[in-house]
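If you want the building blocks of each chain, they are given just below.
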Amino acid sequence: MTEEAAAPAPERQRVFFALWPDDRVASALDASARRIHAQTGGRLMRRDGLHLTLAFLGEQPAERVAALQRLAAALAAEAFELDLSCAGAWQRGRIVWGGPEVTPPALAELAAGLTDALRADGFEVERRPFAAHVTLVRNGRQPPPRAIDPPVRWPVRDFALMRSRLGAEGARYEVIGRWPLSSPAVDTLPVGRSDG
Ligand code: ATP
Ligand code: MG
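Residues numbered from 1 in each chain as written. Chains lettered and ligands numbered in written order. Predicted model: local features only at pLDDT ≥ 70, side-chain atom pairs only at ≥ 80, totals over all residues. Heavy atoms only, no water.

1. So, the pairing of strand β1 (residues 12–19)
In terms of residue burial, β1 counts as a mostly covered element, since 6 of its 8 residues are buried. As paired strands, β1 and strand β3 (residues 52–61) are joined by 8 bridges and run antiparallel to one another. Within the sheet, the bridge partner assigned to Leu19 lies in β3 and is Leu52. Strand direction decides the pairing type here: β1 and strand β8 (residues 158–167), joined by 5 bridges, are antiparallel. (Buried < 20%, exposed > 50% of the residue type's maximum accessible area, 1.4 Å probe, protein only. Helix = DSSP H or I, 4+ residues; strand = E, 2+ residues; numbered from the N terminus. Pairing = 2+ DSSP bridges.)

Right, dumping it as structure tokens:
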């Protein structure tokens, strides 16, 4: 290490909140991505980078990353099941994605809750409405099938703050925080036998 006279520039990190799959779900997503890629061509996303972005923050200085971690820890949101059964493409195949037929309300609430908390804390976030998707292929040359078959069932139990390092072979990601989602409140009791 060399000593610099000037204070070092604050280290900035490219960060975003995401749902990050466990190994089982990542394998299922990867299998779907490969099937779709066989049809579309283009650049298959790496298995270990498959994710669903909740909110993108971009380059942030270290102290703002700490603020993001506090904000995430304070967020109350519920766990849910995510069924990825649809595929599609945006921007003439630049993004080929897998997504749910209908966004689960708990996912919409998680994304909105995050966005609200981020804005309240002075972060600039996407103004476009949230569109739940996992990018599977980039720069596809042919349209993808409309369905993911078999669908990928993703039990979502937590969310993560990710750091992204852009490189020649695409981005590499690192988990810099992970927070559990709470079990949904049970509002109906199972119908029991009245024998006890
Ligand atoms: P690469 O940029 O190398 O193709 P990447 O897009 O996966 O890889 P990042 O650019 O760091 O890596 O983006 C991380 C995640 O945030 C991705 O899911 C990306 O689609 C999403 N994202 C990036 N920029 C924005 C943006 N301006 N608004 C919303 N989401 C974004
Ligand atoms: Mg990008």
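2. Details of the site of ligand 1
Taken together, the residues surrounding ligand 1 are Arg14, Phe16, His51, Thr53, Phe56, Glu126, Arg138, Ser164, Leu166, Gly170, Ala171 and Tyr173. Between ligand 1 and Ser164 there is a distance of 2.6 Å, counted from an oxygen atom to a side-chain nitrogen or oxygen. Within the contact set of ligand 1, an oxygen atom lies 2.3 Å away from a side-chain nitrogen or oxygen of Tyr173. Of all the secondary-structure elements, those providing two or more residues to the shell around ligand 1 are β1, β3, β8 and β9 (170–180). Top element by residues in the shell around ligand 1 is β9. It accounts for 3 residues. For the shell around ligand 1, the class distribution of residues is 5 nonpolar, 4 polar and 3 charged. (Near = heavy atom within 4 Å. Polar contact = N/O pair within 3.5 Å; in protein donor to acceptor, adjacent residues only side chain to side chain. Nonpolar A, V, L, I, M, F, W, Y, C, P; charged D, E, K, R; others polar.)

3. Considering unusual backbone geometry
Cis geometry marks the peptide bond from Asp149 to Pro150; its omega dihedral reads 0 degrees. Along the chain, Pro150 falls in strand β7 (residues 147–156). Here Gln91, not a glycine, exhibits a phi torsion of approximately 50 degrees, which is positive. Take Gln91: it is sitting in the loop between β4 (80–90) and β5 (95–99). Although it is not a glycine, Arg92 adopts a positive phi angle of roughly 50 degrees. Examined against the element boundaries, Arg92 turns out to sit in the loop between β4 and β5.

4. Re the side chain of Gln13
Looking at the element boundaries, Gln13 is found in strand β1. For Gln13, a relative accessible area of 12% corresponds to the buried category. In this structure, Gln13 is in contact with Gly58, Glu59, Gln60, Val65, Arg163 and Ile176, ignoring residues within four places of it in sequence. (Contact = heavy atoms within 4.5 Å.)

5. Quick look at the pattern of salt bridges
Under the criterion given, the structure shown has 10 salt bridges. Here Asp83 and Arg153 are joined by a salt bridge, their closest N and O atoms 3.1 Å apart. Taken together, the residues span a long stretch of sequence, with Asp83 in strand β4 and Arg153 in strand β7 at a distance of 70 residues. In this structure, Arg178 engages Asp158 in a salt bridge whose closest nitrogen and oxygen atoms are separated by 3.0 Å. Placement of Arg178 in strand β9 and of Asp158 in strand β8 is noted, with a sequence separation of 20 residues between them. A relative accessible area of 38% places Arg178 in the partly exposed class. (Salt bridge = Lys/Arg side-chain N within 4 Å of Asp/Glu carboxyl O.)

6. A few points about the nonpolar core
Formed by 46 residues in total, the largest nonpolar core has its most connected members in Phe17, Leu19, Leu54, Trp154 and Phe159. Ranked by residues supplied to this core, first place goes to helix α3 (residues 105–120) with 6 residues. Leaving out residues up to four positions away in the same chain, Leu19 has contacts with His51, Leu52, Leu54, Phe80, Leu82, Leu107, Leu110, Trp154, Val156, Asp158 and Phe159. Phe16, Ala18, Ala160 and Met162 belong to the second largest nonpolar core, which has 5 residues in total. (Core = buried A, V, L, I, M, F, W, Y, C linked by side-chain atoms within 4.5 Å.)

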